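Descriptive structure summary
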Amino acid sequence: MAEPLLKVEELTKLYPGERKDSPVQAVGGVSFEVQRGEVFSIVGESGCGKTTLGRCIVRGLEASSGRVLYTSTDGGTVDFLRAEKRDFKRLRKDIQLIFQDPYSSLNPRMTVFDIISEPLKANFKLSKQELEERVTAIAEKTGLNPQYLRRYPHAFSGGQRQRIGIARALVTEPQLVVCDEAVSALDVSIQAQIINLLKDLQEQLKMTYIFISHDLSVVEHVSDRVAVMYLGRIVELSPKKELFARPLHPYTESLLSAAPVPDPDGKRERILLEGEVPNPADPPTGCHFHPRCRFRTSLCETTVPELREVLPGRMAACHYGEELMLKGIDKG
Amino acid sequence: MVTQAKALMQRFVQRRAKKGAGQDYATSHWKLMYRELKRHKLARISLYILGFFYLVALLGGFIAPQGLESYSGEYMNSAPTKLRMIDANGKFHIQPFVYGLKSERDPETLRKRFVEDPEQLFPVKLFVHGSSYSFLGLFKTDIHLFGVDEPGRIFLFGTDSMGRDMFSRVVLGSQVSLTLPLVGVSISFLLGLLIGGISGYAGGRVDAVIQRFIDIVRSFPTLPLWMALAAAIPPRVGVVEMFFYITIIMAFIEWTGLARVVRSKFISLRSEDYVTAAKIAGVSDLRIIFAHLVPGFISYLVVAATLAIPGMIIGETAMSFLGLGIRSPATSWGVLMQEAQQIENVALYPWKLIPLLFVIVTVLAFNFLGDGLRDAADPYSHGNGAKSAKRKGKRKWVSLKSKKKQLEA
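Quick look at the structure, then.

Basis of the calculations
Residues numbered from 1 in each chain as written. Chains lettered and ligands numbered in written order. Predicted model: local features only at pLDDT ≥ 70, side-chain atom pairs only at ≥ 80, totals over all residues. Heavy atoms only, no water. Helix = DSSP H or I, 4+ residues; strand = E, 2+ residues; numbered from the N terminus. Contact = heavy atoms within 4.5 Å. Areas by Shrake-Rupley, 256 points an atom, 1.4 Å probe, with all protein chains shown as cover. Rg over C-alpha atoms; globule rule 2.2 N^0.38 Å. Buried < 20%, exposed > 50% of the residue type's maximum accessible area, 1.4 Å probe, protein only. Buried area = accessible area lost by both parts, 1.4 Å probe. Salt bridge = Lys/Arg side-chain N within 4 Å of Asp/Glu carboxyl O. Polar contact = N/O pair within 3.5 Å; in protein donor to acceptor, adjacent residues only side chain to side chain. Nonpolar A, V, L, I, M, F, W, Y, C, P; charged D, E, K, R; others polar. Core = buried A, V, L, I, M, F, W, Y, C linked by side-chain atoms within 4.5 Å. Phe/Tyr/Trp six-rings, centres within 6.5 Å; stacked < 30°, edge-to-face > 60°. Lys NZ or Arg CZ within 6 Å of the ring centre and 35° of its normal. Pairing = 2+ DSSP bridges. Axes fitted to C-alpha atoms, helices over the stretch in contact; angles between N-to-C directions.

**Some points on the overall build of chain B**
Summing up its helical and strand segments, chain B has 14 helices and 5 strands in all. Expressed as a percentage of contacts within chain B between residues at least 6 apart in sequence, the contacts between residues at least 24 apart total 69%. Approximately 22300 Å² of chain B is accessible, and the part contributed by carbon and sulfur atoms is 64%.

As structure tokens, then:
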């Protein structure tokens, strides 16, 4: 296999907790690889650390420890989190983020043109005309009328604003784009438009996506591989089809069972989890999921399961990954 | 007539088209703010009043009939002179005039008082020669806006116990009372922006130290502090130096409020998504501060500064009233009020309280202006912008229709 575009190793983000000696582990030692050209999805419920993980990768937040090895187009591999100033300046534009909230992510006091051109101004030395051309080009690609570029964000709808956010992220032609819940603030019809736009742009610009979402139907639609997060850790990482057909981790199973089915007659067994998500400042011993797991044994309470290859190409962090026959979503 | 109306209509439609509905979306924040402000009636009126006051202060020497040093010993505590157009015989004069004054004793109280002498009639003239002054600091002249020929006198607001014209003193006093707060607020604006910015941007220990220091400064009781600081000023200093000492004393207390505003805005804006977005896009720290953070709160700061001005005016007045500020013969509204502090003045010579009126009007005007600015600076209130623009458009249509009717009739 070719060198992965991005290799995340043991990425950890700690927040100071109530007491000094017990920090909250928002992301706890996450490792995965992203291949060039794929759509890598990260799913999980609210508060599981997926947004923090995404922000750490693009360095919107500083990770506490770990490495993010990025292989640029010229073949060199650099730790993006600790890159030297010069390297970082050069690579910064390769990894971009699309924000969840199309309202707070656009400066209300700047025109759309200024917003989209800002990354260009920061990373390249372009003449006024070149700037104009590139902004117009990306605006057209993202379905924005170039005539409206002199307006302020308040004049646009949510869907249009998200297109502006996408245009800003893509104007520097990045290699990797982290889409942090890029469509969840939009209504469903607009979601479909934006997802199709993202897919089209991916093909045109040969980009790689890390797609962060809690919406399984969206994830199923766009991804190649899916990582499931629970309490700051990846519990399962599989190619999309296999994951949806037969999950290997009990948490994935319950997550899938919670996804709505479009068929009104379709009846499924809902797996309702007991209890609440544990406090990340005081996580359970052993497997983090064991207090809510149907299959827990004494082993789960004491030993932390490693994320290991359970089936070829499929990773899960469960002691019984091979034995459990868990239910996925049948495609009638 | 009909064609004329048509042409008018056409021109109107063209103008609307040129302005274009879309243009509204491309208006900058400052333009929107200005438009909002214009719509705020009280703020607009306040702006006109303040503009007028500052104009008068600027042209003070020209408008005041007397200079700071002039006094007329024989006209002490004279009531305001009445401007008249009709004389005792019922004859109408185009040019306003005043009667001469003659002093007499009140038969009951034996108090000296001034009554008008209908025998003497002095028309009020424009551009008369009087005491010399320096016009805008450019050249010396002795031409005053209005006055009467000797031996006539014109005291629009009466005179004080030394026979000085109160109107002149109010006008000349406004030069100090209206500019001192502006200079003071500018100084505290700079201090606040700098120290508040450092506090908000650095955070952590630096922030904590600065904030505790601000707490200490703010917890000083202002009156004793003023007295202590004023005592530190050498007793014989020039008017200009005194002015700056007072300004610095005022600014020393005032900057803390502005620093707090700046700090809180820095902190709240620093965690905005669009600031993170700029950071991810590779924009430098300095550019983030000046392109994203400062424009985000500068309008609030302008509002805060405007609202800080009345406090400074009151402060200067209070200091001068206590005899700590500007000293005679230089004058300010506070000095004038100090001179009016005896009860006999309030009872017998109420015109000596006129400066108080000016303080009140100015403070209110600044407060209303600040209110208007605050409403205008709030980006969430601009949502109604389109609506009211429509309303305006409608009104135009109505007037156009009536115009058309007029033309046809």
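**A look at the overall build of chain A**
Helix and strand content of chain A: 10 helices and 12 strands. Taken over C-alpha atoms, the radius of gyration comes to 21 Å for chain A, in line with the 20 Å a tight globule of 332 residues would show. For chain A, the C-alpha atoms occupy an extent of roughly 65 × 50 × 45 Å along the three principal directions. Buried positions account for 54% of the 332 residues belonging to chain A.

**Thoughts on the interface of chain B and chain A**
Counting residues at the interface gives 25 residues for chain B and 27 residues for chain A. Together chain B and chain A conceal approximately 2100 Å² of surface at their shared face, both sides included; 56% is due to carbon and sulfur atoms. With a closest N to O distance of 3.7 Å, Asp273(B) and Arg55(A) form a salt bridge. On inspection of chain B and its partner chain A, the count reaches 9 residue pairs in polar contact (both at pLDDT 80 or more). It is helix H9 (residues 273-280) of chain B that provides the largest number of residues to the side of chain B that touches chain A, a total of 7 residues. Residues that form the side of chain B that touches chain A fall into these classes: 13 nonpolar, 8 polar and 4 charged.

**What to know about the nonpolar core**
Within the largest apolar cluster, 62 residues are counted, with the highest numbers of intra-cluster contacts made by Trp226(B), Ile246(B) and Met250(B). Leaving out residues up to four positions away in the same chain, Trp226(B) has contacts with Ile249(B), Met250(B), Ile253(B), Gly315(B), Ala318(B), Met319(B) and Leu324(B). Membership of the second largest hydrophobic core comes to 39 residues, among which are Ala139(A), Leu149(A), Val171(A) and Val222(A).

**Notes on the packing of aromatic side chains**
On inspection of all chains with the given rule, the structure shows 16 aromatic pairs over all chains. Here Phe146(B) and Phe167(B) contribute two aromatic rings whose centre-to-centre distance is 6.0 Å and whose plane-to-plane angle is 55°, an arrangement assigned as tilted. On the criterion of sequence distance, the pair formed by Phe146(B) in strand E5 (residues 139-147) and Phe167(B) in helix H5 (residues 166-202) is long-range, its members being 21 residues apart. Grouping residues by exposure puts Phe146(B) and Phe167(B) together as buried. A connected cluster of aromatic rings, assembled from ring pairs, spans Phe52(B), Phe53(B), Phe146(B), Phe157(B), Phe167(B), Trp333(B) and Phe358(B). Just above the ring of Phe113(A) sits the side chain of Arg150(A); from NZ or CZ to the centre is 4.4 Å.

**What about the pairing of strand E9 (residues 225-230) of chain A?**
Residue and element names in this part refer to chain A. Along E9, 6 of the 6 residues are buried, which leaves the element largely enclosed by surrounding structure. Where burial is concerned, the two faces of E9 agree: the one with Arg225, Ala227 and Met229 and the one with Val226, Val228 and Tyr230 are both buried. One ladder, built from 4 bridges, connects strand E3 (residues 39-43) with E9; its direction is parallel. Across the sheet, Phe40 pairs through a bridge with Arg225, a residue of E9. Pairing geometry for E9 and strand E10 (residues 233-239), over 6 bridges, is antiparallel. Considered in E10, the bridge of Val226 is made with Ser238. Linking E9 to E10, which pair antiparallel, is a turn of 2 residues; within it Leu231 sits at a positive phi near 50°.

**Re the environment of Thr222(B)**
Topologically, Thr222(B) is positioned in helix H7 (residues 222-232). C-alpha separation for the pair Thr222(B) and Gly315(B), spaced 93 residues apart in sequence, amounts to 9.3 Å.

**Observations regarding unusual backbone geometry**
All names here are of chain A. Residue Glu173 is not a glycine yet carries a positive backbone phi of 55°. Relative accessible area serves as the criterion here: at 48%, Glu173 is assigned to the partly exposed category. A positive phi angle is found at Glu181, which is not glycine, with a value near 50°. Topologically, Glu181 is positioned in the loop between strand E7 (176-180) and helix H6 (188-205). Here Glu181 falls in the buried class, since its relative accessible area comes to 6%.

**Considerations on the pattern of salt bridges**
Within this structure, the stated rule accounts for 21 salt bridges over all chains. For the salt bridge of Glu9(A) with Arg67(A), the shortest nitrogen-to-oxygen distance reads 3.1 Å. Taken together, the residues Glu9(A) in strand E1 (residues 6-15) and Arg67(A) in strand E4 (residues 65-71) connect sequence positions 58 residues apart. Linked by salt bridges that have partners in common, Arg55(A), Asp180(A) and Asp273(B) make up one network.

**Some details on the sheet that holds E9(A)**
Residue and element names in this part refer to chain A. Judged by pairing direction, the sheet is mixed, and its 8 strands sit side by side in the order E6-E7-E8-E3-E9-E10-E12-E11 without closing on themselves. Of all strands in the sheet, those with a lone pairing partner are strand E6 (95-98) and strand E11 (308-311), marking the two edges. If you compare each strand with its neighbour and ignore which way they point, the axes differ by 25° on average. Alignment of E7 against strand E8 (residues 208-213), held across 5 bridges, turns out to be parallel. Among the inter-strand pairings, Cys179 is bridged to a residue of E8, identified as Phe211. Packing against the sheet, H6 makes contact with E3, E6, E7 and E8, and its axis sits at approximately 160° to E8.

**Describing the sheet that holds strand E2 (residues 24-34) of chain A**
All names here are of chain A. What the 4 strands build is an open sheet, ordered E2-E1-E4-E5; its pairing is antiparallel. Sheet topology places E2 and strand E5 (77-79) at the edges, where each strand pairs with a single neighbour. In this sheet, neighbouring strand axes are inclined to one another by 20° on average, regardless of whether the strands run parallel or antiparallel. Both E1 and E2 contribute to a ladder of 7 bridges, which runs antiparallel. The residue of E2 that forms the bridge with Lys13 is Val27. Strands E1, E2 and E4 of the sheet are contacted by helix H1 (residues 50-58), whose axis makes an angle of about 115° with E1.

Read these as geometric descriptors, not functional statements.
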